[in-house]
Amino acid sequence: MISLPTWNRLWLCCSALAPALALLAAGPGSAGELPEGALPDAVVAGPKHNFKRAWLARPTTRYGHAILGDGIEAGSLVVETTCGHRVEHLLDEGHVFEDRHVRIADLDGDLYAEAIVVLSSVDQGAALAVYSLNGSTCSAASDLTLKARTPFIGTRNRWLNPAGIADYDGDGKLEVAIVVTPHIGGTLQFWSLDGDKMVLKAKRYGYSNHAIGARAQGLSATFKRGSDLLLVLPGADRRSLHQVQLKAGKILSSKIADVKTGIRENFSIRPVNDASSVVTLADGTKLNVQTK
């Protein structure tokens, strides 16, 4: 193993035609501080499974879509493992991470984490991408590689926003819920990881989980009702809340509340019993909703 001064980086496998992978020496960290080189508004995820922390780094203005409030996106994804190694996946000039934070989950059930993030092509728009560690958690030679992704939307400046990660249909595997083009007639989609491919399980039109230019990406919540996991998110105009269930390859949906002021910020949901829940909006407003 090569010993490097704090924060110095050893670049590996650099290529002008493909994403480069980099191993970073572990540096000190403290609560409330962003790691060096992180996005200014990054949210550091973790710890979970074999990932101690994960974040988006290397701010870049090469895309300029500004869907999250500015024209600064991320040029790399960094993971710090539970053994203290830092591994970075560096994108080429044709792509950015159009996101603020990394979601950590074990999508394939192998007890090791995947990093889930919004990857955007400067020509083809956004896709949901899944990255994994190629090698041992405690090996200094491990790489962070793209394991699978959904198709790019197909048009520049078209975006998607993750809505939740859970076993929504009860089949024992996690699904990732996303809303594709949440500002122009959003489509809710549920995807699962099958080997090195993402598989679409179901989709339904008419939802949104983001307001243009807002930092908040958590306009959705997952809760348990009996043995079922349900997703709550706004309708397409963000003036209503809907609960959805993935069942037998179909999305079942019902409206549970009207919100006259519209929803622009994150919210939470707390089940009261099997038939009702309390939704708390960012401004403190509480909505008693029927979720039976």
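Below: a short report on this structure.

What counts, and where the lines are drawn
- Along every chain, residues carry numbers that run from 1 in the direction the sequence is written.
- Given that the model is predicted, a residue must reach a pLDDT of at least 70 before its local features are reported, and side-chain atom pairs must reach 80 or more before they are shown or counted; all residues, however, enter totals for whole chains, interfaces and linings.
- Each side-chain value is derived from all of the structure's non-hydrogen atoms; neither hydrogens nor water enter the calculation.
- Strands are runs of DSSP state E lasting at least two residues, helices are runs of H or I lasting at least four, and both sets are numbered from the N terminus onward.
- A 1.4 Å probe rolled over the protein chains alone gives each residue an accessible area, and that area as a share of the maximum for its type sets the label: buried under 20%, exposed over 50%, partly exposed in between.
- Should any heavy atoms of two residues lie within 4.5 Å, those residues are considered in contact.
- The protein chains shown are the only cover counted for residues, whose accessible areas, like all others here, come from Shrake-Rupley with a 1.4 Å probe.
- Definition of nonpolar core: a set of buried residues of the types Ala, Val, Leu, Ile, Met, Phe, Trp, Tyr and Cys, connected through side-chain atoms within 4.5 Å.
- Counting rule for disulfides: a pair of cysteine sulfur atoms within 2.5 Å.
- Pairs of strands are assigned from DSSP output, requiring at least two bridges between the strands.
- For helices, the fitted axis covers only the stretch in contact; all axes are lines through C-alpha atoms, and the angles between them, taken along N-to-C directions, range from 0 to 180 degrees.
- Each Phe, Tyr or Trp ring (for Trp, its six-membered ring) is paired with any other whose centre lies within 6.5 Å, and the angle between the two planes then decides the class: stacked below 30 degrees, edge-to-face above 60, tilted in between.
- Each reported salt bridge corresponds to a side-chain nitrogen of Lys or Arg within 4 Å of a carboxyl oxygen of Asp or Glu.

Here we look at the overall build of the protein
Right, on to step 1. Of the regular secondary structure elements, the protein holds zero helices and 21 strands.
Right, on to step 2. Looking at the protein as a whole, 51% of its 292 residues are labelled buried.
Right, on to step 3. In the protein, the share of contacts with a sequence separation of at least 24, taken over all contacts with a separation of at least 6, comes to 50%.
Right, on to step 4. Of the roughly 12,900 Å² of accessible surface on the protein, a fraction of 51% belongs to carbon and sulfur atoms.

Here's the deal with the nonpolar core
Right, on to step 1. Phe51, Leu56, Leu77, Phe97, Leu119 and Tyr131 are the most contacted members of the largest nonpolar core, which totals 28 residues.
Right, on to step 2. Elements supplying a minimum of two residues to this core: strand E3 (51–60), strand E4 (73–81), strand E8 (114–121) and strand E9 (125–134).
Right, on to step 3. A per-element tally of this core places E3 first, with five residues.
Right, on to step 4. Setting aside residues up to four positions removed in sequence, Phe97 forms contacts with Leu56, Glu73, Ala74, Gly75, Ser76, Leu77, His89, Leu91, Val117, Val118, Leu119 and Tyr131.
Right, on to step 5. Ala105, Leu107, Val176 and Leu193 belong to the second-largest nonpolar core, a separate cluster that totals 18 residues.

Some words on the state of the cysteines
Right, on to step 1. Using the criterion set out here, one finds one disulfide in the structure.
Right, on to step 2. With its sulfur 1.7 Å from that of its partner, Cys83 forms a disulfide with Cys138. Of this pair, Cys83 sits in the loop between E4 and strand E5 (86–90) while Cys138 sits in the loop between E9 and strand E10 (143–149); the two residues are 55 residues apart in sequence, bridging distant segments of the chain.
Right, on to step 3. Cys83 gets classed as partly exposed once you look at its relative accessible area, which sits at 36%.

What to know about the sheet that holds strand E13 (residues 186–194)
Right, on to step 1. On the basis of which strands lie adjacent, the open sheet formed by four strands has the order E11-E12-E13-E14 and antiparallel pairing. The open sheet is flanked by strand E11 (160–166) and strand E14 (197–207), the only strands paired with a single partner. Going across the sheet, the axis of each strand differs from the next one's by a mean of 20°, ignoring polarity.
Right, on to step 2. One ladder, built from five bridges, connects strand E12 (residues 175–180) with E13; its direction is antiparallel. Note on E13: the bridge partner recorded for Val176 is Trp191.

With respect to the packing of aromatic side chains
Right, on to step 1. Scanning all chains against the criterion turns up two aromatic pairs.
Right, on to step 2. Their ring planes at 75° and their centres at 5.7 Å tell us that Phe97 and Tyr131 sit as a pair that is edge-to-face. Separated by 34 residues along the polypeptide, Phe97 in strand E6 (residues 95–97) and Tyr131 in strand E9 bring together distant segments of the chain.
Right, on to step 3. Assessed through its relative accessible area of 1%, Tyr131 is described here as buried.
Right, on to step 4. Aromatic side chains Tyr168 and Phe190 sit 5.2 Å apart centroid to centroid with 70° between the ring planes, which places their arrangement in the edge-to-face category. In this pair, Tyr168 is assigned in the loop between E11 and E12 and Phe190 in strand E13, connecting sequence segments 22 residues apart.

Here we look at the sheet that holds strand E19 (residues 268–271)
Right, on to step 1. Across the sheet, three strands lie side by side as E19-E20-E21; this open sheet has antiparallel pairing. One side of each edge strand has no neighbouring strand; the edge strands of this open sheet are E19 and strand E21 (286–290). On average, adjacent strands in this sheet sit at an angle of 25° to one another, irrespective of strand direction.
Right, on to step 2. Looking at chain direction, strand E20 (residues 276–280) and E21 are connected through five bridges and run antiparallel.

Some details on the pattern of salt bridges
Right, on to step 1. Applying the stated rule across the entire model yields 14 salt bridges.
Right, on to step 2. Two residues, Glu80 and Lys52, come together in a salt bridge whose shortest N-O distance is 3.6 Å. Taken as a pair, Glu80 in strand E4 and Lys52 in strand E3 lie far apart in primary sequence, 28 residues in all.
Right, on to step 3. Taking the relative accessible area as the measure of exposure, Glu80 reaches 5% and is therefore buried.
Right, on to step 4. Glu80 is the salt-bridge partner of Arg53, the closest N and O atoms lying 3.1 Å from each other. Of this pair, Arg53 sits in strand E3 while Glu80 sits in strand E4, placing them 27 residues apart in sequence. An identical accessibility class is assigned to Arg53 and Glu80; each is buried.
Right, on to step 5. Among the ionic contacts, a cluster of salt bridges with common partners joins Asp41, Asp70, Arg100 and Arg215.

None of the figures reported here should be taken as evidence of function without further support.
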